[in-house]
Amino acid sequence: MSDRILLRGMEFYAYHGVHPEERRLGQRFAVDLEVELDLAPAGRSDTLETTVNYGTLYHTVRAIVEGEPRQLIEALAEAIARTILADYPLVQAVTVRVWKLAPPIAGAHLERVGVEIRRVRDA
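Residues numbered from 1 in each chain as written. Predicted model: local features only at pLDDT ≥ 70, side-chain atom pairs only at ≥ 80, totals over all residues. Heavy atoms only, no water.

A. Focus on the overall build of the protein. Within the protein, the secondary structure is distributed over 4 helices and 4 strands. Along the protein, helices (α) and strands (β) appear in the sequence β-α-β-α-α-α-β-β when read from the amino end. With the principal axes as the frame, the protein shows a C-alpha extent of 55 × 25 × 25 Å. When the accessible surface of the protein is split by element, carbon and sulfur atoms take 52% of a total near 7200 Å². (Helix = DSSP H or I, 4+ residues; strand = E, 2+ residues; numbered from the N terminus. Areas by Shrake-Rupley, 256 points an atom, 1.4 Å probe, with all protein chains shown as cover.)

This is the structure:
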């Protein structure tokens, strides 16, 4: 599938992390989302019912990121991917990038660290 809806640079404040300080103080996260689906029906009909509303996708991601704290950003990415595939039947595959902005690594000056996962709907 080559058609995609893209949401890039969604930023949230949340409480994920292995270290107690991360879970107590919180920090900034960014998420990039790519959902793969056939956009031809929406292109032909010009109706929202034939596609996935990117505003709804945003709110789904926000609820997960700002919700239950997780230790690993891998687990956060997995929760986002699972939820998108479960809640949006038109989506055939999803790629999720979760970035921890300004990660707390002693002695390091990093803009961000992240993970990327891609999950495909079971046939």
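Now that the structure has been shown, we can carry on.
B. Quick look at the sheet that holds strand 2 (residues 27-36). The sheet built from 4 strands is open, its strands ordered 1-2-3-4 with antiparallel pairing. Both outer strands of the open sheet, strand 1 (4-14) and strand 4 (112-120), are each paired with one neighbouring strand and no more. Pairs of neighbouring strands in the sheet enclose a mean axial angle of 15 degrees, with direction left out of account. Pairing of strand 1 with strand 2, which is carried by 9 bridges, proceeds in the antiparallel orientation. Bridge assignment links Arg4 to a residue of strand 2, and that residue is Glu36. (Pairing = 2+ DSSP bridges. Axes fitted to C-alpha atoms, helices over the stretch in contact; angles between N-to-C directions.)

C. Structural context of helix 3 (residues 54-65). Here helix 3 spans 16 Å end to end across 12 residues, near enough to the 16 Å set by a 1.5 Å rise per residue. On the buried face of helix 3, the contacting elements are strand 1, strand 2 and helix 4 (73-87). Two or three places before Gly55, at the start of helix 3, stands the capping residue Asn53, its side-chain oxygen 2.7 Å from that residue's backbone nitrogen. (Expected span 1.5 Å × (residues − 1). Contact = heavy atoms within 4.5 Å. Polar contact = N/O pair within 3.5 Å; in protein donor to acceptor, adjacent residues only side chain to side chain.)

D. Representation of the pairing of strand 3 (residues 93-101) in the model. In terms of residue burial, strand 3 counts as a mostly covered element, since 8 of its 9 residues are buried. Alignment of strand 2 against strand 3, held across 8 bridges, turns out to be antiparallel. From the neighbouring strand, Leu33 faces strand 3, where its bridge partner is Val96. (Buried < 20%, exposed > 50% of the residue type's maximum accessible area, 1.4 Å probe, protein only.)

E. The environment of Arg118, seen in detail. Residue position: Arg118 is located in strand 4. Judged by its relative accessible area of 44%, Arg118 falls in the partly exposed class. Separated by 23 residues in the primary sequence, Arg118 and Thr95 place their C-alpha atoms 4.2 Å from one another. Residues within four places of Arg118 in sequence aside, it is in contact with Glu36, Ala93, Val94 and Thr95.

F. Structural view of the pattern of salt bridges. A full pass over the atoms with the stated rule returns 11 salt bridges. The partner of Glu34 in a salt bridge is Arg97, and the shortest N-O contact between them spans 3.0 Å. Remark: Arg97 occurs in strand 3 and Glu34 occurs in strand 2; sequence separation between them is 63 residues. Across this residue pair, the class does not change: Glu34 and Arg97 are buried. Residues participating in the shared-partner salt-bridge network are Arg4, Arg8, Glu34, Glu36, Arg97, Glu116 and Arg118. (Salt bridge = Lys/Arg side-chain N within 4 Å of Asp/Glu carboxyl O.)

G. Representation of unusual backbone geometry within the structure. Even without being glycine, Asp46 reaches a positive phi, approximately 60 degrees. By secondary structure assignment, the location of Asp46 is in the loop between helix 2 (40-45) and helix 3. On the accessibility criterion, Asp46 (71% relative accessible area) is exposed.

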